[in-house]
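The lines below spell out each chain.
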Amino acid sequence: MAEEENVKVAVRVRPFNKRENGRNAKLIVKMQKNSTMITNPSDANETKTFTFDHSYWSFDGCKENKDGYFEPDPSHKHGKQFADQNKVFNDLGRGILDNAWAGFNTSLFAYGQTGSGKSWSVFGYGVNKGIVPILAEELFKEIDAKKDSGATFEVKFSMLEIYNENVRDLLDPNGAKKKGGLKVRQHPKRGFYADGLKEVFVSSYDDINARLEEGTVNRTVASTNMNATSSRAHTISGIRFVQRAKNDAGKEMEKKALLNLVDLAGSERAESVYGKYLGYGNYSERVESTGAQGDRLKEGASINQSLSSLGNVISALAKLSEGHSARVPYRDSVLTKLLQNALGGNSKTIMIAAISPADINYDESVSTLRYADRAKQIKTKAIVNEDPTEKLIRELKEENDRLKHAMKSGDISTEALQDMAGKEVLSKSEIDALKKEWLAEMKANMKANEKEAEDHKKTTEEKVSEQKSQDSEKESALQKVLEEKKSKPHFFNLNFDPQLSGRLVHIIQKSETEIGNQKGKESDICMVGPGVHETHAILRQDKKHHRVWIKQAEKDCRVLVNGDAITDEVELFHNDRLVFGSTQLWVFQNPKEKDSDKKKYPPITYEYAQEEIAAKAGVKVDSAGGGDVALLQEDLIDVMPAVEEANSISEELDKRVKFEIILISPQMLGKMQGTKAEVCVKMKNLENGTEFIWPKEKFLNRLYLMKEMYNNYEEEDDWDLPEEKDPFQEDVNTDVNIGTVQVFLQPIAYMVEMKEQLEITDIKGNKIGVMNLEVAPCNKKGKEYTETDDMFVDSPEELVGKEVHFWFKIVNCRGLPNKYTDVHCKYRVYLDEQDITTDKISLTSNPDFNHKKMFSFTPATRQLIDYLNTGSIMVQIVGKQFIRKSAVAQRKQLTTKEMLKGDRGAFSKTANLMNGFQMNGRVVDPQKQSIVVELLLMKKTQARLQQRCDNMKKMLEKAEDLGRHGVSTRVIKSFFNAHTDEQIRAAVKQLEEEEDDEGYRSASPLSQNQQSSVCNLL
Ligand SMILES: Nc1ncnc2c1ncn2[C@@H]1O[C@H](COP(=O)(O)OP(=O)(O)OP(=O)(O)O)[C@@H](O)[C@H]1O
Ligand SMILES: [Mg+2]
């Protein structure tokens, strides 16, 4: 009984978040019935429409009821349209439940960029329960109602996380410690599964809820200790539902359904996380220093393989459903293996595409909608999983006999091996390894079968009570914490992912409590992370008066209280924010104090704490500075803690690298418009003195890799990486930007030549030297026009449709810093797609380039003329950093910690940086170059006008001398355009030779207006 149907797709748009509200984001999404419309913020005429099974409007039209639940607000114009959690459940969750009862497997995916609302829909927050908790609640309600039907019901729950192709069991507290995670194996019948995944019996909604909580706490521990970074991990919750009942013939039947509920990692496309850096026009080359080739290797590691494979699988399946042939690459990633059934097999499948309503997320939202559009083409074929119990048991036994036999004979066909490897040609050693793998898989499959057979022997009651006894210890420990939380001082955690905030609690039990990492000795409260010492801080408690104080264990232990670094013992108050090292972020709670003072305490979020730290460092987010300043400040708040963390890791791993935030003005990035400075990070190699500037995105990406390295180091794994993969390293041979010169091309638009000495500015806007260059119009053979050729035009318009040729010459640079080799200039003109480069010159402050290149445009289009008139060429001076061996040898003796000493103020520096940037950060006025050009043109125009004036005067004098009444247009024109002595003499001659009043008399009064060919001399 197979039912083929399309994947059901729903889109949901969330409300603006605080940031979007703060920066006055524009709403670009509209919904009508089941259509979703999205408008390009930079082109109001471009609206894309997508149609899905459901389009859920959760942007506005709701109100918060007294419990905190967001319900539709009938008084709002969108009240009717507003989709609350219950509506989404009724549409989607209810169907999943019905499927489960009918014996169909069902899968639910939530897809969308970070922060788009995936977890909100799947799990929900607090009373705003998402699909999973409501589904669980309803399932048990229905089971309870059928208790006396004679059937038995079993529900098992599992939860796993995929991060970096590792599968972690979230219900196994030691799961995080298992190296490499769980193995994904293939079962001939069940398909792929995570070997050894814990599936626990749950017999009530509370049970399942406790398990969800447990899984989330385990995710939080991992995330807090940096084992994983939640927004890059996929979470799969599994509910296995089994019903057993006698059929009409009296035979016991077993109906099974597996529900996979998948909260995918943030879908930011690899190119877009990294793309600003790779594809921002010339951005990378301009600011950047890195050869993209080597770097892609490094970044490649962090790109979410599972997510890109999922995209490929969906595309392939969509093609198949259109009747094309395609190979579906399930085997390419752990996620797609585990979801093979959900996507292309025995399952009913639903996808929720979560999108942001805001203009700044346009690209990501469109990409999510396109993804969803493709997914809706996919067809799956679900079957009712129902069999007689006795048949199932028999089959398990037969299957195991078969496996035993196969293992004994070691027989596996070449095709099967090729299939396992995903390729045809296999070497002997590969074959041996695959055979080993195959044997392990056989063993695991046998074990899984045996377990299932065992399972059949036990009654449901037995299983439940077994589970209960296993859990009782854990449960009572949890109960104790919850109880103590109400009265004792404690900390709770803050996490970037709001789902994970407040999940970890440390109760302060003793009079003196030690906080430290687990290396060396066991601390009372263990925190792991960069910058946390073995013994990091000491808490003192006066239990009688419910007061708590904190101090550092040693001088260099970083402890921030409400954003301030402490140096002495300080008292803690309810709701104080604490940072240990660089990543451990906690909120202190003192219930007794809170109860006694009746003050109103604001809720503390991760953003609140980060903004506070930044504010103490001088970066305040306020909208007073205007949108761009607010955006810049937000970027800074993101990057500041990241830089702090990277420096901590560098110090601990002795990576000899220091990071620092720098701000770069838009002009320096070669952007003609915009006033927002870019937050970049300078990476300085402390040993050899080389420096590289990384755009924010690149730095954050690298940080993921640094964290991974740190994590391996923490776990005492093989952590160090070869230079080409080390996120702390940059190839010293990569070109770095020394400075830039902006050359305005306006002179060409007027056919005037320009010979100038222009200032070279470095990335911060400081003048670091000068460049002598020339731009000269010429004829098509390359002969430069001289003054006497007088090609000057009054308006660039005149050049449209004509030929334009010019030389661009870089003569030399003077006064450059003398520490670069292979110094050369590169630039692009108009629509060039490739850089034009000069020769390379080494180790001189005054390189002579003597570079010249001719550019020809035949004919010149209006667009080109506009470009010449208003555009510019950015000439970049680039080179490699020269490393002085003697300095390196000296510093080799020092550790990163010693080299960083007294120079760790990434935070305090940031404040200076802001001030510096706003007030006097720009030493060279970027407008200066264009003023130079304008002046040149003005002089030229001025001279031209002067000459015309002189000519006119001369003409008047001559006409009066001759006693003329009027002068013909022809003669006036000759005077007007004459600019050499010879031409003036010719004009005078013309005037003398023409008859007085020529044409004047022939002009009738009527036609005078239309045909003003004669000028009256008044
Ligand atoms: N429909 C909604 N109504 C109100 N708030 C919402 C809604 N959807 C999302 N939010 C809020 O937006 C924030 C981000 O949502 P959520 O955590 O679900 O994002 P996510 O897609 O799971 O992100 P990540 O990829 O980082 O896990 C949360 O603070 C959440 O409370
Ligand atoms: Mg989430």
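*Asks:* Please provide a residue-by-residue account of the confidence of the model for the protein, values included.
*Replies:* Per-residue pLDDT for the protein has a mean of 83; in total, 88% of the residues score no lower than 70. Here residues 296–302 is modelled with pLDDT under 50, and outside its nearest four sequence neighbours on either side it reaches 20 contacts, counting other chains as well. Confidence drops under pLDDT 50 across residues 1001–1018; counting only partners more than four residues distant or on other chains, this segment forms 18 contacts.

*Asks:* Which residues make up the sheet that holds strand 3 (residues 29–32), and what values go with them?
*Replies:* The strand order across the open sheet formed by three strands is 3-4-5, and the pairing between neighbours is antiparallel. At either margin of the open sheet sits one strand with a lone partner, and together these are strand 3 and strand 5 (47–51). The sheet shows a mean angle of 20° between the axes of neighbouring strands, direction not considered. As defined by bridge partners, strand 3 adjoins strand 4 (residues 35–39) across four bridges and the pair is classed as antiparallel. Within the sheet, the bridge partner assigned to Gln 32 lies in strand 4 and is Ser 35. The strands touched by helix 12 (residues 362–375) within the sheet are strand 4 and strand 5, with strand 5 carrying the most contacts at an inclination of about 35°.

*Asks:* Please set out the sheet that holds strand 22 (residues 490–493) residue by residue, giving values where relevant.
*Replies:* As summarised here, the arrangement of the six strands in space is 23-22-32-31-28-29, forming an open sheet in which the pairing is antiparallel. Each having just a single partner strand, strand 23 (505–507) and strand 29 (564–565) make up the two edges of the open sheet. Where strand 31 (residues 577–580) and strand 32 (residues 584–589) come together, four bridges link them in antiparallel fashion. Across the sheet, Leu 578 pairs through a bridge with Trp 586, a residue of strand 32. Across the face of the sheet, helix 16 (residues 460–485) comes into contact with strand 22 and strand 23 while running at roughly 70° to strand 23.

*Asks:* Before we move on, can you summarise the site of ligand 1 with the specific residues and values?
*Replies:* Near ligand 1, the surroundings consist of 16 residues, among which Gly 115, Lys 118, Ser 119, Trp 120 and Tyr 125 are the closest. At 2.7 Å, a side-chain N or O of Ser 119 approaches an oxygen atom of ligand 1. Trp 120 has a polar backbone atom sitting 2.8 Å from an oxygen atom of ligand 1. About the coverage of ligand 1: the protein hides 84% of its 630 Å² of free accessible area. Looking at the shell around ligand 1 element by element, the count peaks at three residues for helix 3 (residues 118–122). Broken down by class, the residue content of the shell around ligand 1 amounts to four nonpolar, nine polar and three charged.

*Asks:* Break down the packing of helix 27 (residues 969–977) against helix 28 (residues 981–993) for me, citing the residues and quoting the values.
*Replies:* One way to put it is that helix 27 packs onto helix 28 with a least axis distance of 9 Å and a crossing angle of 165°. By the criterion of interaxial angle, the relationship of helix 27 to helix 28 is roughly antiparallel. Here helix 27 runs over helix 28; the crossing is left-handed. Across the interface between the two elements, Arg 970, Val 971, Ser 974, Phe 975 and Asn 977 from helix 27 touch Gln 983, Ala 987, Val 988, Gln 990 and Leu 991 from helix 28.

*Asks:* Residue-level account of the environment of Pro 357, with values.
*Replies:* Here Pro 357 shows up in the loop between strand 19 (348–355) and helix 12. Considering only alpha carbons, one finds Pro 357 and Arg 14, 343 residues apart in sequence, at a separation of 6.5 Å. What Pro 357 contacts, discounting residues up to four positions off in sequence, is Val 13, Arg 14, Pro 15, Phe 16, Glu 20, Lys 26, Leu 27, Ile 28, Val 29 and Phe 59.

*Asks:* Could you give an account of the pairing of strand 34 (residues 678–685), naming the residues involved and the relevant values?
*Replies:* Both faces of the sheet carry side chains from a regular strand, because those side chains alternate between them. In terms of burial, strand 34 is a largely internal element, seven of the eight residues being buried. Bridge analysis of strand 33 (residues 657–664) against strand 34 gives eight bridges, and the strand direction is antiparallel. Across the sheet, Glu 660 pairs through a bridge with Lys 682, a residue of strand 34. Where strand 34 lies against strand 35 (residues 691–695), five bridges are found, and the strand directions are antiparallel. Considered in strand 35, the bridge of Met 683 is made with Phe 692. Connecting the antiparallel pair strand 34 and strand 35 is a turn made up of five residues, with Gly 689 showing a positive phi of about 80°.

What counts, and where the lines are drawn
Residues numbered from 1 in each chain as written. Chains lettered and ligands numbered in written order. Predicted model: local features only at pLDDT ≥ 70, side-chain atom pairs only at ≥ 80, totals over all residues. Heavy atoms only, no water. pLDDT = per-residue confidence, 0-100. Contact = heavy atoms within 4.5 Å. Pairing = 2+ DSSP bridges. Helix = DSSP H or I, 4+ residues; strand = E, 2+ residues; numbered from the N terminus. Axes fitted to C-alpha atoms, helices over the stretch in contact; angles between N-to-C directions. Near = heavy atom within 4 Å. Polar contact = N/O pair within 3.5 Å; in protein donor to acceptor, adjacent residues only side chain to side chain. Areas by Shrake-Rupley, 256 points an atom, 1.4 Å probe, with all protein chains shown as cover. Nonpolar A, V, L, I, M, F, W, Y, C, P; charged D, E, K, R; others polar. Parallel < 35°, antiparallel > 145°, perpendicular 65-115°, else oblique. Left-handed = near helix turned anticlockwise from the far one by under 90°. Buried < 20%, exposed > 50% of the residue type's maximum accessible area, 1.4 Å probe, protein only.

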